[in-house]
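The residues making up each chain are set out below.
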There are 4 protein chains.
Amino acid sequence: MAASSGDELGTRCSVEIRVRYVECDPMGYLHHAKYWEYFEVARTELLRQSGIRYRDLEREGVLFVVYKTACRYILPVRYDDLVTVSVAVERTSSTRVDHSYRVSRGGELTCEATSTLACVGRDGRPRRMPAALWSDA
Amino acid sequence: MAASSGDELGTRCSVEIRVRYVECDPMGYLHHAKYWEYFEVARTELLRQSGIRYRDLEREGVLFVVYKTACRYILPVRYDDLVTVSVAVERTSSTRVDHSYRVSRGGELTCEATSTLACVGRDGRPRRMPAALWSDA
Amino acid sequence: MAASSGDELGTRCSVEIRVRYVECDPMGYLHHAKYWEYFEVARTELLRQSGIRYRDLEREGVLFVVYKTACRYILPVRYDDLVTVSVAVERTSSTRVDHSYRVSRGGELTCEATSTLACVGRDGRPRRMPAALWSDA
Amino acid sequence: MAASSGDELGTRCSVEIRVRYVECDPMGYLHHAKYWEYFEVARTELLRQSGIRYRDLEREGVLFVVYKTACRYILPVRYDDLVTVSVAVERTSSTRVDHSYRVSRGGELTCEATSTLACVGRDGRPRRMPAALWSDA
């Protein structure tokens with residue numbers, strides 16, 4: 001999967017999210033933990049774009065657990081802001097996938113992040129992903 | 001279970017909860033949705049007090065879903081406030097249980113609420129609770 | 001504001017919300033507390049439809065606090081479900097507003113609720129709403 | 001503040017947190033975003049241990065925003081698990097503080113993380129921390 005090119009189906013996706021009141025803290029900022037909820041939304045849509053529903057995967061015993069994350073918060077985001085959350089597949093193996101994320105508001109980058117997810121079975125043990133989800137082409 | 005008396009084991013329980021920063025909104029108040037998360041914590045401890053772990057019930061296919069709720073918010077609560085959350089069993093049948101809740105801070109009542117939970121199986125259909133959880137004595 | 005008719009601008013609004021993974025609990029259901037977060041989103045859009053941004057109101061010291069709520073959960077909703085959340089203004093006075101809510105999925109009603117919000121100032125004391133927000137016509 | 005030694009008051013703190021039902025996802029695991037809420041709780045207690053309440057700091061216009069985070073999830077944690085969340089100050093300057101975190105359950109490490117917080121004023125611009133919060137001794 002030539003994720004770096006980002007031209008192919010399923011390697012890149014953007015969603016628009018309106019910041020909710022409940023997601024903001026007493027400072028009035030979107031709480032730093034909530035970004036990971038936004039990134040999860042973006043991953044769901046990235047899969048859907050390839051015709052895959054994560055909830056179907058789970059039903060079949062293909063689960064993805066978050067193994068490693070990193071995030072840099074650049075500018076605060078506030079209630080009612082409309083942000084664009086982009087996700088890209090950076091690397092895949094048969095058992096792992098690395099994503100990168102960017103959050104922007106009005107074209108201005110406000111946050112960037114990365115994560116590594118591992119594929120596990122219902123027993124929590126590592127397993128290979130279905131072939132549709134990766135290729136080492 | 002003579003819940004109305006409230007003297008017996010398992011009919012009444014109080015927990016202390018420190019309000020978290022993330023739970024407060026831009027007004028600086030504990031968000032109204034979060035109270036239901038506190039009530040859930042109190043119900044977990046109420047069961048534990050009777051020697052029952054809700055997570056064991058779930059493992060055995062005894063699930064409780066919230067069917068009806070009502071809440072009155074009297075005074076705002078803020079980040080770092082220490083509140084006492086009390087729960088009492090008000091009524092039980094073989095398939096349902098009614099709870100009442102009170103939140104107080106420094107002896108002052110800040111919120112009161114009620115809920116009805118229904119017992120369901122893993123298929124989501126109503127089922128009778130295990131006898132240990134209710135009696136119509 | 002003849003809210004009961006519901007024909008006028010600003011008395012009724014629907015939003016579509018995709019249920020997020022993080023919002024679902026170990027039963028796989030949208031957690032009952034999260035519905036109040038959805039209702040809040042619907043209220044924000046209801047105001048926007050009348051050309052009012054709640055965040056501007058807050059900046060001007062016009063805050064709305066939730067005073068009373070009630071909810072009936074009819075059918076469970078799951079991760080990735082697309083639900084329609086409708087809000088209607090049922091009654092307004094100079095200091096309070098009553099809303100009703102309905103959540104449906106594929107045309108089927110899954111939840112209904114009501115709330116009363118009170119208008120307060122930055123000091124938390126009751127205050128009259130700006131005239132644009134209500135009329136007793 | 002000789003944070004590296006970790007022997008002094010205010011450089012190290014542990015809290016016990018019972019995992020809430022609402023914090024767990026359909027896999028049954030504590031959702032990865034929630035760990036940051038736990039770390040925030042631990043930071044609040046770390047400050048309190050030095051006689052400082054973060055909410056008093058905020059009142060005085062001393063705010064801390066999260067600037068950078070990293071996390072490694074080692075073992076899943078479930079509803080009703082009792083976890084120990086430890087935080088340590090790793091490094092401080094006049095405007096930033098680095099923390100490290102460890103989550104364990106029954107003595108077994110389940111997660112480790114780091115963060116950098118920046119001190120800002122009410123206007124969101126960087127400012128020096130009060131002297132009590134750091135020293136380059």
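Predicted, not measured: the structure shown is a model, and the values here were computed from it.

Q: Could you clarify how one ought to interpret the relation of the copies chain B and chain A in this entry?
A: Mapping one chain copy onto the other needs a rotation about an axis and a shift along that axis. Aligned on chain A, chain B shows an RMSD of 0.0 Å; the corresponding rotation is 180° and the shift along the axis is 0.0 Å. What the rotation and shift describe, once combined, is the action of a two-fold rotation axis.

Q: Help me understand the pattern of salt bridges, please; the structure alone is not making it clear to me.
A: Between side chains of opposite charge, pairing is possible as soon as their charged atoms come close. Tallied over the full model, the rule gives 48 salt bridges over all chains. Between arginine 55 of chain C and aspartate 81 of chain A there is a salt bridge; the shortest N-O distance is 2.8 Å. Residue arginine 55 of chain C is located in helix 2 (residues 54-59), and its partner aspartate 81 of chain A is located in the loop between strand 2 (63-73) and strand 3 (82-92); the two belong to separate chains. Aspartate 56 of chain D is the partner of arginine 59 of chain D in a salt bridge, and the nearest nitrogen-oxygen pair spans 2.8 Å. A residue pair is termed a helical-turn pair when its members lie 3 or 4 positions apart in one helix, as arginine 59 of chain D and aspartate 56 of chain D do in helix 2 (residues 54-59) at three residues. Among the ionic contacts, a cluster of salt bridges with common partners joins Lys34 and Glu37 of chain A together with Lys34 and Glu37 of chain D.

Q: Sorry if this is basic, but what is going on with the nonpolar core here?
A: What tends to happen in soluble globular proteins is that the nonpolar side chains get buried as a cluster. Of all hydrophobic cores here, the largest spans 182 residues; its most connected members are Phe64 of chain A, Phe64 of chain B, Phe39 and Phe64 of chain C together with Phe64 of chain D. In contact with phenylalanine 64 of chain A, not counting residues within four places along its chain, are Tyr54, Leu57, Val97, Leu117, Ala118, Cys119, Met129 and Leu133 of chain A together with Met27 of chain D.

Q: Hey, could you run me through the interface of chain A and chain D in this one?
A: Quite often, the size of an interface is put as the accessible area lost when its parts meet. Taken together, the contact between chain A and chain D spans 25 residues of the former and 25 residues of the latter. Buried surface at the junction of chain A and chain D, summed over both partners, amounts to about 2100 Å²; 57% is from carbon and sulfur atoms. It is Met27, His32 and Tyr73 of chain A in chain A that bury the most area against chain D; as a group they hold 25% of the surface buried on that side. Our enumeration of links across chain A and chain D arrives at two salt bridges. We note a salt bridge from glutamate 37 of chain A to lysine 34 of chain D, for which the minimum N-O separation is 3.8 Å. One can count six residue pairs in polar contact (both at pLDDT 80 or more) joining chain A with chain D. Here the side of chain A that touches chain D gets 11 residues from one element, more than from any other, and that element is strand 2 of chain A. Classifying every residue of the side of chain A that touches chain D by side-chain character gives 14 nonpolar, four polar and seven charged.

Q: Honestly, the relation of the copies chain A and chain D in this entry has me stumped. Any pointers?
A: Note on the copies: chain A fits chain D at an RMSD of 0.0 Å, the axial shift is 0.0 Å, and the rotation between them is 180°. A shared binding surface is used by both copies, with 100% of the interface residues of chain A retained as interface residues in chain D.

Q: Please explain the packing of aromatic side chains as it appears in this structure.
A: What describes a pair of aromatic rings is the distance from one ring centre to the other and the angle between the planes of the rings. Using the criterion set out here, one finds 32 aromatic pairs over all chains in the structure. Relative to tyrosine 73 of chain B, the ring of tyrosine 35 of chain B has its centre 5.0 Å away and its plane inclined at 80°; by these criteria the two rings are edge-to-face. Residue tyrosine 35 of chain B is found in helix 1 (residues 35-49), and its partner tyrosine 73 of chain B is found in strand 2 (residues 63-73); the two are separated by 38 residues along the sequence. Overall, tyrosine 35 of chain B belongs to the buried group, its relative accessible area being 2%. Under the relative-accessibility criterion, tyrosine 73 of chain B is labelled buried at 8%. When the ring of tryptophan 36 of chain B is compared with that of phenylalanine 39 of chain B, the centres are 4.9 Å apart and the planes differ by 85°; the resulting orientation is edge-to-face. Here phenylalanine 39 of chain B and tryptophan 36 of chain B lie together in helix 1, a separation of three residues that amounts to about one turn. Comparing tryptophan 36 of chain B with phenylalanine 39 of chain B, the two get one shared label, buried. Three or more aromatic residues joined by ring pairs form one cluster here, namely Tyr21 and Tyr79 of chain A together with Tyr54 and Phe64 of chain C. The residue whose ring lies beneath arginine 96 of chain B is tyrosine 67 of chain B, and the NZ or CZ to ring-centre distance is 4.3 Å.

How each quantity is defined
- Residues numbered from 1 in each chain as written.
- Chains lettered and ligands numbered in written order.
- Predicted model: local features only at pLDDT ≥ 70, side-chain atom pairs only at ≥ 80, totals over all residues.
- Heavy atoms only, no water.
- Least-squares fit on C-alpha atoms with pLDDT ≥ 70 in both.
- Salt bridge = Lys/Arg side-chain N within 4 Å of Asp/Glu carboxyl O.
- Helix = DSSP H or I, 4+ residues; strand = E, 2+ residues; numbered from the N terminus.
- Core = buried A, V, L, I, M, F, W, Y, C linked by side-chain atoms within 4.5 Å.
- Buried < 20%, exposed > 50% of the residue type's maximum accessible area, 1.4 Å probe, protein only.
- Contact = heavy atoms within 4.5 Å.
- Buried area = accessible area lost by both parts, 1.4 Å probe.
- Polar contact = N/O pair within 3.5 Å; in protein donor to acceptor, adjacent residues only side chain to side chain.
- Nonpolar A, V, L, I, M, F, W, Y, C, P; charged D, E, K, R; others polar.
- Phe/Tyr/Trp six-rings, centres within 6.5 Å; stacked < 30°, edge-to-face > 60°.
- Lys NZ or Arg CZ within 6 Å of the ring centre and 35° of its normal.

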